[in-house]
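# Understanding the architecture of this molecule
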Amino acid sequence: TTALSKGHLVNAQTYMEDALNLQINNVEALEKLTNPTEELRTAMLDIKAAIGEILYNLSDVYFQQGMYNLCNEKYTAAMDWYKNHNLTPLQHNELLANADE
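Quick caveat: nothing in here was measured; it's all calculated off a predicted structure. (Residues numbered from 1 in each chain as written. Predicted model: local features only at pLDDT ≥ 70, side-chain atom pairs only at ≥ 80, totals over all residues. Heavy atoms only, no water.)

When you go through the protein chain residue by residue, the secondary structure sums to four helices and zero strands. For the protein chain, the sequential pattern of α-helices and β-strands runs α-α-α-α. Relative to its 101 residues, the protein chain shows a buried fraction of 30%. Nonlocal contacts in the protein chain, meaning residues at least 24 apart in sequence, comprise 62% of its contacts between residues at least 6 apart. Summed over its atoms, the accessible surface of the protein chain is roughly 6,800 Å², and 55% of this surface lies on carbon and sulfur atoms. (Helix = DSSP H or I, 4+ residues; strand = E, 2+ residues; numbered from the N terminus. Buried < 20%, exposed > 50% of the residue type's maximum accessible area, 1.4 Å probe, protein only. Contact = heavy atoms within 4.5 Å. Areas by Shrake-Rupley, 256 points an atom, 1.4 Å probe, with all protein chains shown as cover.)

Pasting the structure below:
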């Protein structure tokens, strides 16, 4: 069971790293737009929040695998990302809650 669980964590880690790179590319593309619509600005905010969430979740995956240096690296990256983009994890959770309404 431990090997199976660890295998799932490695797969999750791979998928999350791929998703992270894709989302970063999306933000970079949107930031190049000179006159984005309100919808695109909202999408960019959602993507930026998602990047922070992916980084945070990656830190948890690394923690569960006992990869504490990578856990700390991703957690620090998540908190830096939120800070640099004027977001907090709480704001991200609020965005998710509002999306369901």
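The geometry of helix H2 (residues 38–64) relative to helix H3 (residues 68–84) is characterised by a closest axis approach of 7 Å and an angle of 160° between their N-to-C directions. Comparing the axis directions of H2 and H3 gives the class roughly antiparallel. Of the two elements, H2 crosses H3, and the hand of that crossing is left-handed. Contacts from Lys48, Ala49, Ile51, Gly52, Glu53, Leu55, Tyr56, Leu58, Ser59, Tyr62 and Phe63 of H2 reach H3 at Tyr68, Leu70, Cys71, Lys74, Tyr75, Ala77, Ala78, Met79, Trp81 and Tyr82. (Axes fitted to C-alpha atoms, helices over the stretch in contact; angles between N-to-C directions. Parallel < 35°, antiparallel > 145°, perpendicular 65-115°, else oblique. Left-handed = near helix turned anticlockwise from the far one by under 90°.)

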